Amino acid sequence: TMSNLNKYIALDGDRLDIVVFKTHETLENFEEVLKANPHLLQKEILNSGDIVYLPPYVKKENEEVKALWN
């Protein structure tokens, strides 16, 4: 259901990827956000007042940190 999702009200000129990065500081869950927002898939630039549903972002625990030097 959409009720457990956070909502973001877009500003004129917002883009979905920018909204996701602004709210989650990552684009790792961009696919989930796209699935939650079928009404925005045709829009490259959002309009003021567009509602973006944001599924909770869960950092993947098994994410391996790559060392800069070995």
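Preceding block: the structure.
Residues numbered from 1 in each chain as written. Predicted model: local features only at pLDDT ≥ 70, side-chain atom pairs only at ≥ 80, totals over all residues. Heavy atoms only, no water.

Side note on the environment of Lys7
We count it as follows: Strands here are runs of E lasting at least two residues and helices are runs of H or I lasting at least four, both read from the DSSP assignment and numbered beginning at the N terminus. The criterion used for residue contact is that any of the two residues' heavy atoms lie within 4.5 Å.
Within the fold, Lys7 resides in strand 1 (residues 6–9). With 44 residues separating them in the primary sequence, Lys7 and Ile51 have C-alpha atoms 6.4 Å apart. Beyond its immediate chain neighbours, meaning those up to four positions away, Lys7 contacts Ile51, Val52 and Tyr53.

Section: the pattern of salt bridges
The line we're drawing: By convention in these notes, a salt bridge is any Lys or Arg side-chain nitrogen within 4 Å of a carboxyl oxygen on Asp or Glu.
This model, assessed by the stated rule, comprises 3 salt bridges. Between Arg15 and Asp17 there is a salt bridge; the shortest N-O distance is 2.6 Å.

Function-wise, these values are silent; they only describe arrangement.
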